[in-house]
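The residues making up each chain are set out below.
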There are 12 protein chains.
Amino acid sequence: MMRILVLHGPNLNLLGRREPELYGHATLTDITAMLDGLAKDLGVALDHAQSNHEGVLIDRLHSAMDTHAGVVINPGGLTHTSVSLRDALAATELPFVEVHLSNVHAREEFRSRSLLVDLAVGQVAGFGPASYSLGLRGIVEHLRPPHPI
Amino acid sequence: MMRILVLHGPNLNLLGRREPELYGHATLTDITAMLDGLAKDLGVALDHAQSNHEGVLIDRLHSAMDTHAGVVINPGGLTHTSVSLRDALAATELPFVEVHLSNVHAREEFRSRSLLVDLAVGQVAGFGPASYSLGLRGIVEHLRPPHPI
Amino acid sequence: MMRILVLHGPNLNLLGRREPELYGHATLTDITAMLDGLAKDLGVALDHAQSNHEGVLIDRLHSAMDTHAGVVINPGGLTHTSVSLRDALAATELPFVEVHLSNVHAREEFRSRSLLVDLAVGQVAGFGPASYSLGLRGIVEHLRPPHPI
Amino acid sequence: MMRILVLHGPNLNLLGRREPELYGHATLTDITAMLDGLAKDLGVALDHAQSNHEGVLIDRLHSAMDTHAGVVINPGGLTHTSVSLRDALAATELPFVEVHLSNVHAREEFRSRSLLVDLAVGQVAGFGPASYSLGLRGIVEHLRPPHPI
Amino acid sequence: MMRILVLHGPNLNLLGRREPELYGHATLTDITAMLDGLAKDLGVALDHAQSNHEGVLIDRLHSAMDTHAGVVINPGGLTHTSVSLRDALAATELPFVEVHLSNVHAREEFRSRSLLVDLAVGQVAGFGPASYSLGLRGIVEHLRPPHPI
Amino acid sequence: MMRILVLHGPNLNLLGRREPELYGHATLTDITAMLDGLAKDLGVALDHAQSNHEGVLIDRLHSAMDTHAGVVINPGGLTHTSVSLRDALAATELPFVEVHLSNVHAREEFRSRSLLVDLAVGQVAGFGPASYSLGLRGIVEHLRPPHPI
Amino acid sequence: MMRILVLHGPNLNLLGRREPELYGHATLTDITAMLDGLAKDLGVALDHAQSNHEGVLIDRLHSAMDTHAGVVINPGGLTHTSVSLRDALAATELPFVEVHLSNVHAREEFRSRSLLVDLAVGQVAGFGPASYSLGLRGIVEHLRPPHPI
Amino acid sequence: MMRILVLHGPNLNLLGRREPELYGHATLTDITAMLDGLAKDLGVALDHAQSNHEGVLIDRLHSAMDTHAGVVINPGGLTHTSVSLRDALAATELPFVEVHLSNVHAREEFRSRSLLVDLAVGQVAGFGPASYSLGLRGIVEHLRPPHPI
Amino acid sequence: MMRILVLHGPNLNLLGRREPELYGHATLTDITAMLDGLAKDLGVALDHAQSNHEGVLIDRLHSAMDTHAGVVINPGGLTHTSVSLRDALAATELPFVEVHLSNVHAREEFRSRSLLVDLAVGQVAGFGPASYSLGLRGIVEHLRPPHPI
Amino acid sequence: MMRILVLHGPNLNLLGRREPELYGHATLTDITAMLDGLAKDLGVALDHAQSNHEGVLIDRLHSAMDTHAGVVINPGGLTHTSVSLRDALAATELPFVEVHLSNVHAREEFRSRSLLVDLAVGQVAGFGPASYSLGLRGIVEHLRPPHPI
Amino acid sequence: MMRILVLHGPNLNLLGRREPELYGHATLTDITAMLDGLAKDLGVALDHAQSNHEGVLIDRLHSAMDTHAGVVINPGGLTHTSVSLRDALAATELPFVEVHLSNVHAREEFRSRSLLVDLAVGQVAGFGPASYSLGLRGIVEHLRPPHPI
Amino acid sequence: MMRILVLHGPNLNLLGRREPELYGHATLTDITAMLDGLAKDLGVALDHAQSNHEGVLIDRLHSAMDTHAGVVINPGGLTHTSVSLRDALAATELPFVEVHLSNVHAREEFRSRSLLVDLAVGQVAGFGPASYSLGLRGIVEHLRPPHPI
């Protein structure tokens, strides 16, 4: 069965506990459960990881090179600052979708620039926890287009 | 039943006939059919419109103010140039999702700036025709969150 | 009797119905009536037009070249994006005043740049519907300075 | 009776004597007389002051805090350079209108940026001495909207 | 016989009637006649269209996709602002030449940037009505190089 | 008979021998022959010069001041860097046309800026060797408009 | 006893009377008293001055050259605009600390640039009236480091 | 007793051993002792941490959310590059003061921009080790204003 | 006899007493004497004024309008910040020369921009006190070219 | 014997396994062997380290302060983003050479800016694995210039 | 006797023959004579050179290294574009004065930036041929201050 | 035997005689001898040329097209200004290495931008004369990789 890595960047461990007006009330555990449910429907398997350490995220991507078919990543603040994460995504050559809980294009100017997105299949932003489920659907459709239109 | 307006901007009438390496082989008719199918599953009704005329798109948005609950819009080239379309979206106060077939963040520099997106619920870009279905799911989840997480 | 063209750009047909905190409660009909009253006092005749279509506005300006003495224009969102409208105003060689209901200099950065204003007699912004009446007085004073000071 | 402060910044004491092609032939005395006449019609009282000293203008604004209802100000060259004048206007919390004799948006690039205007009710520019009378009408309409439309 | 579409953007209907110091005394009818004469010499057929409406120009380009071999276009003010026109030219995949009556590189700063020209075969600017005849010669040479050099 | 100077800047001596995908297969000798043929048709005389030395090009322009009626110049890389060449063209007061073999507006960003073009009659770019013949026609039409339109 | 000059720029005479949400409720008299108390504890003497006139502030700095050991200055709006004040601080060669009541780095963009700060010992911003006492402690520690660490 | 977290970013473990002309001779141990002494005077308790790892600093902030009342942070080089640290500070909602040993506004251009400071209570920079003691006083005054002025 | 006004801006009263490595050892009195000597040789009369107050400098320029033939001005820090001084110089229509003791083009970036110099006859910078004597010679040559060359 | 630290930043553990068209086929093990061979020839000893964690790299540099004479560093993506790494290199005061496998000046715009290079002895870029050997030769020549020329 | 090199850049051989409204009627021969006369008065000897070739100017500067005490240079268009000329002036270590006939600060934007001036003793601009004599006086005063003031 | 062209740009003839703190004490003759020695070791032949004339350098590159296998070039000041030299390097299609004696990335801002480097195999900067020997090794390794790793 096709495996997808779901990767969460810095501070996402706090989801649901802080700044709910910005990020909603769902915790990372809630999101993991929701995504596992959706994955079952879609016939794919998920692995989940979160870290506040850039290096840990890079290591995790490296180790997924030969075992996973794609990545759903919410890089958090690293979206805007990490060339190293970009290089890791480029080096693994894994198709990935960049997701954001909030509409990053409607916040501080510096959040509208992503160092990763031009390498991505696509980007989903602004739907709260649903950004993840839309992103998972998107990467799966990209990897396994269900029926021609 | 909740009605959603699906609005396509300039040149999208050519979908599937030109530049398939960029936009895929699906025609606007294909996309309309696919979305109507999905809408049925989601229990919402859709109206579709396409125009190469900015003014026609603005008029259509105005007429949807009292009849529709939300908008899925692919503004095409107007994304980057039309303050008038922005003002129309602001004036109607309809929640909307901005979708793009291609990953606009990976193309010409000027395509990464949207004059509309900071007013949107969210943005979906890069999944080909699936951007529309993800966008439709997104606006529906926004308007009618199906179950708490 | 001297004729003045009053021209309203995109979305101004919605005046008074949407975003009153930004644009006030007066409708376009109210403003037209107010201006006609003022015009009578000032001894000039007015023609009014509104369109959401850039092309229609340009056509209207062209047709005013030989019949009108000046223009009061609220170009709406086209203020910031339309070189074509600028060229139309330049080509007609009609003196014109640019008016805005809101204080465009206190809103989004892109609204402080007008592509038209350096061709204008002057600009009036921020007074709500009174911007139109001040603009009308301004163009009339410009065309027919009442008494030397 | 409502009192309005009319404040003129640096070099406006030379009005009518120098650069008439830019600023017209009316002197500051002429403008004062014209505005007093208009004020009488509008039922308001005016106080006038001019200075080439930024500090004097700031002191004058401070002393108007409790005695005046609004300000018509032509800040001259300080429009583009004085954060201190901006802070004074903000501190007094008096509604004010910024006026310019010439169309500042059609002159040197640096004149199109005002450090004050985003705090203002509105801006009137380009009508020569009539900019003052339009500005006075504007502040009065803002403070005492004469009749609903 | 090879057909070429000659397309004129906003305000070019006024040619010869306004701003002759900038655009010359030839009317659009004069230019059409001159180009038809030259086309006869060159052995090609022309179709001509002008509109002040961006949407009409896009529609006209779409309808030329299967019937014409190339385009000579003077996009007027849309040169600098229309991503939608750019997308239309890209989508039709028709070779085109961008022409301007005036030397756009010697006018306002914003006129030196064209949103279309990097897709064009080439650009001709500054020769008045002769820009059109040079542009027509250029597209014909591009499509049918007459003899090897 | 009217004399026109045809001036080629740095590296154009290599034409036809290097980078043909960018500049075509015609050599400078071919272009000279083609232009002489066209000049004969147009009833003008040509002088040709090429140099890789900015100073030599400037000297050549100086010496043409009293003997030539106009210049067709392909300044090569100096287009974007030489204020001295600009000053030479301004000082000679000779009408000139700037030509480029490739579409400079579709290449590196720095090639879209010309330090000369705002002094030129016009610019022709993108037609390969035909840019020269179109440029020659253009300067001749400018100097001797053949028949009124 | 070491003397320190405490200098307040434009509009600070209004402290405590206007915009308390931004600047707090303490008046300049309160701050002067508080600082005199702290100075006594620290064993230094203070002189205080406030002016809305840039020239007066410069004169005051000049006259302190031979009598004071350091300066605590809140330059108000002149922070961002006065090269003359900068030159006065440089010319006096007095060590100084720049203080701000509000966090200038969290307000309008132009407030984050100080024309003085690179000449200062340091900057304290954001603590309300406590910014002055921290600044006074800072300049005293700089001039007379109490005990080695 | 109120607890304050004192957090030191990358390279601050080297304090006192390297570049004393820039950062002084005090070691981190010296500063810790000095701050503990001051804390005792002020009646607060301190915890200290230093790391060269962004992720460790973020983890430490997370763990302080429910146990500390405020933070004194010297983010070192992360001041200018870490959106993740910014997000961590925002998420914890702890009041914090940003301190720098050197006057960051007088060094390289990139050091004058802080990604954190607009979220801070205030900033203290340039006083060497005294920046920490001033910062500690500042956060304590912010959390527990000692007596009204 | 032709009168020239010599005007010194802020901080120039300190000349010779502070920062001699930048401005030299000559005092303002020395410079005045030197210039009076040179003026005698040149057959012109001088008036001298210095102020740290922008308003006083503007007033002085106004009063020179009808009595002086030209101005030698060292505007000090106002060179880079005062639109009001610029407007005063423009309004008086007096020819003026801008002088600087130091080479302003070799100091801080902001000193290379002068808000006045494009209105000046010319600029002299970098020669210490000799900048004044060169500037005086320059304005006299401009006003009374001694003999044709 | 003189010791040199060879430090590899994020993602360089993947060398030779991914993107060989960009980085070549040599693995990090190959490069280490090659460098050890060259070091033997040059009479120096090497230590090698690689990490995807910025903090680990900083720690490694700190520990080399008293044991190594210089550093050859390929900072990977941290080249462009890490002020902390810059500060570590500055603090250790070790001479270092920055090397890149690819020609960073010919890739994305953001790769042409290095936050480290102005502190370096020099930079070598574009020679694949040979960049390391050239860099090692460079640092050795810098530390021990073999014979005068 | 002290020798000064007077160096003229591209196009200055045309002085007096072209664009007199910009550069005056004096020829280079006139200026040479005028300067030789002044040099005699000042007790210095001059050598003069002009070239349109950057390389010739650099060669001439190199050969003056051991024979001349200073340089008066009008670099013409190279002022704004030649790093090589800058490097030559730096390498010779000759004190030099940069002169311009016209007020370069009042012309095209690109003329206000000089690549040389921060290395110069000073700059004189705007006085026509008198710029040279003022520049010569300036360099002589710099090299041989006549009497203390 | 493979021939390499070693090309030196403007002012490098002065090497070893001027500014040794920046460029060292080795003369061009020393460097030539050193490189010839190294070339012998590497089994390649060198030709050397230096010129202060851009045109001469371009001519030399052209003449090397069919005789040399690669180029080591120190373009001096032309690095940052010469599009013509760039075009010459592109036209010859010779692999080249760009070398600089000093660390250009640590000097004036304008020296960090090279107009040539994105066409180069690589760049070596900062090692004094050793930059040339490293560059020669680099081009030889590029042209003839000695043994696989």
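Structure first, text after, so check above.
Position numbers for residues start from 1 in each chain and track the written sequence from start to end. Following the order in which they are written, the chains are lettered starting with A and the ligands numbered starting with 1. Predicted model: local features are reported for residues with pLDDT of at least 70 only, side-chain atom pairs are reported and counted for 80 or more only, and whole-chain, interface and lining totals are derived from all residues. The basis for every side-chain value is the complete set of heavy atoms in the structure, and neither hydrogens nor water enter the calculation.

## What to know about the overall build of chain A
Helix and strand assignments come from DSSP, with helices taken as H or I runs of at least 4 residues and strands as E runs of at least 2, each series counted from the N terminus. The secondary structure content of chain A amounts to 5 helices and 5 strands. What you see in chain A, going N to C, is helices and strands ordered as β-α-α-β-α-β-α-β-β-α. Two things to know: the radius of gyration comes from C-alpha atoms, and the globule rule equals 2.2 Å times the number of residues to the power 0.38. For chain A, the C-alpha radius of gyration of 14 Å lies close to 15 Å, the compact-globule estimate for 149 residues. Seen through its principal axes, chain A has C-alpha atoms that stretch 40 × 30 × 30 Å. Burial classification: accessible surface area is computed with a 1.4 Å probe over protein chains only, and a residue below 20% of its type maximum counts as buried, one above 50% as exposed, and the rest as partly exposed. Scored against the burial criterion, the 149 residues of chain A give a buried share of 64%. To be clear on the numbers: accessible area is Shrake-Rupley with a 1.4 Å probe, and residue cover counts the displayed protein chains and nothing else. Entry remark: accessible area of chain A is about 5,100 Å², with carbon and sulfur atoms responsible for 52%. In chain A, the 11 positive side-chain charges and the 16 negative ones have mean positions that sit 4 Å from each other. None of His or the chain ends enter the tally, which takes Lys and Arg as positive and Asp and Glu as negative. For charged residues, the charge sits on one atom: NZ in Lys, CZ in Arg, CG in Asp, CD in Glu.

## Regarding the interface of chain B and chain A
Across the boundary between the two partners, chain B contributes 26 residues, which contact 26 residues of chain A. Throughout this description, the term salt bridge denotes a Lys or Arg side-chain nitrogen within 4 Å of a carboxyl oxygen of Asp or Glu. Linking chain B with chain A are 0 salt bridges. N or O atoms within 3.5 Å of each other form a polar contact, as long as, within protein, one can give a hydrogen and the other can take it, and as long as residues adjacent in sequence are counted only when both atoms are side-chain atoms. Our count for the contact surface shared by chain B and chain A stands at 8 residue pairs in polar contact (both at pLDDT 80 or more). Only α2 (28–42), β5 (122–125) and α5 (130–143) of chain B provide two or more residues apiece to the side of chain B that touches chain A. For the side of chain B that touches chain A, a count of residues per class yields 15 nonpolar, 7 polar and 4 charged. Summarising the sheet, strand β5 (residues 122–125) of chain A and β5(B) pair through 3 bridges and their orientation is antiparallel. A contact between two residues is defined here by any heavy atoms of the two lying within 4.5 Å. All amino acids are sorted into three groups, where Ala, Val, Leu, Ile, Met, Phe, Trp, Tyr, Cys and Pro are nonpolar, Asp, Glu, Lys and Arg are charged, and the leftover types, Gly among them, are polar. Pairing between strands requires that DSSP locate at least two bridges from one strand to the other.

## Focus: the interface of chain G and chain H
On the side of chain H, 26 residues touch chain G, which itself brings 26 residues to the contact. Two parts placed together each lose some accessible area; with a 1.4 Å probe, that loss summed over both constitutes the buried area. Approximately 2,100 Å² of surface area, both sides summed, lies buried where chain G meets chain H, with 66% of it carried by carbon and sulfur atoms. Taken together, chain G and chain H are joined by 0 salt bridges. Applying the counting criterion to the chain G and chain H interface returns 8 residue pairs in polar contact (both at pLDDT 80 or more). Those elements giving two or more residues to the side of chain G that touches chain H turn out to be α2 (28–42), β5 (122–125) and α5 (130–143) of chain G. Ranked by the residues each element gives to the side of chain G that touches chain H, the list is headed by α5(G), at 7 residues. Split by residue class, the side of chain G that touches chain H holds 15 nonpolar, 7 polar and 4 charged.

## So, helix α3 (residues 54–63) of chain C
All names here are of chain C. Buried within α3 are the following residues: E54, G55, L57, I58, L61 and H62. Each buried residue of α3 sits inside an arc of 160 degrees when the element is viewed along its axis, so together they form one side. Contacts from the buried residues of α3 go to β1 (3–8), β3 (70–74) and α4 (83–92). Comment: arc refers to directions from the helix axis out to C-beta atoms.

## Quick look at the packing of helix α2 (residues 28–42) of chain F against helix α5 (residues 130–143) of chain F
Helices that pack against each other are described as a pair by the angle of their axes relative to one another and the distance between those axes. All names here are of chain F. It is at 10 Å that the axes of α2 and α5 come closest, and there the two elements cross at 30 degrees. Overall, the two elements α2 and α5 adopt an arrangement that is roughly parallel. The interaxial crossing formed by α2 with α5 has right-handed handedness. Two secondary-structure elements touch here, α2 through I31, M34, L35, L38, A39 and L42 and α5 through Y132, S133, L136, R137 and V140. By residue class, the composition of the contact of α2 with α5 is 9 nonpolar, 1 polar and 1 charged. Interaxial angle, 0 to 180 degrees, is taken between N-to-C directions of lines fitted to C-alpha atoms, where a helix line uses only the stretch in contact. Orientation is classified from the angle alone, with under 35 degrees giving roughly parallel, over 145 giving roughly antiparallel, 65 to 115 giving roughly perpendicular, and any other angle giving oblique. Here is the rule for handedness: rotate from the far helix to the near one, and if that takes an anticlockwise turn smaller than a right angle the crossing is left-handed, while a clockwise turn gives right-handed.

## As for the relation of the copies chain G and chain H
Superposition record for chain G on chain H: RMSD 0.0 Å, screw rotation 180 degrees, translation along axis 0.0 Å. With respect to symmetry, the two chain copies, as superposed, fit the operation of a two-fold axis. Minimal C-alpha distance to the rotation axis in chain G is attained by G:V124, lying at 2.3 Å. When the interface residues of chain G are mapped onto chain H, 100% of them are again interface residues, pointing to one common binding face. In superposing the copies, a least-squares fit is computed on C-alpha atoms, taking residues whose pLDDT is at least 70 in both.

## Examining unusual backbone geometry
In the Ramachandran plot, B:N11 falls in the positive-phi region, its phi being about 75 degrees despite a non-glycine side chain. As for its position among the elements, B:N11 is in the loop between β1 (3–8) and α1 (20–23). Unusually for a residue other than glycine, C:E19 sits at a positive phi of about 50 degrees. Among the structural elements, C:E19 can be located in the loop between β1 and α1 (20–23). On the accessibility criterion, C:E19 (13% relative accessible area) is buried.

## A word on the pattern of salt bridges
Opposite charge on two side chains permits them to pair, given that their charged atoms come into close proximity. Taken as a whole and judged by the stated rule, the model has 96 salt bridges over all chains. Here K:E93 and L:R18 are joined by a salt bridge, their closest N and O atoms 3.8 Å apart. Of this pair, K:E93 sits in the loop between α4 (83–92) and β4 (96–100) while L:R18 sits in the loop between β1 (3–8) and α1 (20–23), each in a different chain. Where salt bridges share partners, they join A:R86, A:D87, A:D118, J:R107, J:E108 and J:R111 into one cluster.

## Side note on the arrangement of the chains
Contact between chain A and chain C is absent, and the least distance between their C-alpha atoms amounts to 12 Å. Nothing in chain D touches chain E, and the closest approach of their C-alpha atoms is 12 Å.

## Thoughts on the sheet that holds β5(B)
On the basis of which strands lie adjacent, the open sheet formed by 10 strands has the order β2(A)-β1(A)-β3(A)-β4(A)-β5(A)-β5(B)-β4(B)-β3(B)-β1(B)-β2(B) and mixed pairing. Unpaired on one side and paired on the other, β2 (45–50) of chain A together with β2 (45–50) of chain B mark the two borders of the sheet. Each adjacent strand pair in this sheet contributes to an overall mean axis angle of 20 degrees, direction not counted. Contacts from helix α3 (residues 54–63) of chain A reach β1 (3–8), β2 and β3 (70–74) of chain A, with the element oriented near 175 degrees to β1(A).

## Some thoughts on the sheet that holds β4(K)
In spatial order, the strands read β2(I)-β1(I)-β3(I)-β4(I)-β5(I)-β5(K)-β4(K)-β3(K)-β1(K)-β2(K); together these 10 strands make up an open sheet with mixed pairing. Each having just a single partner strand, β2 (45–50) of chain I together with β2 (45–50) of chain K make up the two edges of the open sheet. Averaged over all pairs of adjacent strands, the angle between strand axes in this sheet comes to 20 degrees, irrespective of strand direction. Alignment of strand β1 (residues 3–8) of chain I against strand β3 (residues 70–74) of chain I, held across 5 bridges, turns out to be parallel. Considered in β3(I), the bridge of I:L5 is made with I:V71.

These results come straight from atomic positions and should not be treated as a statement about function.
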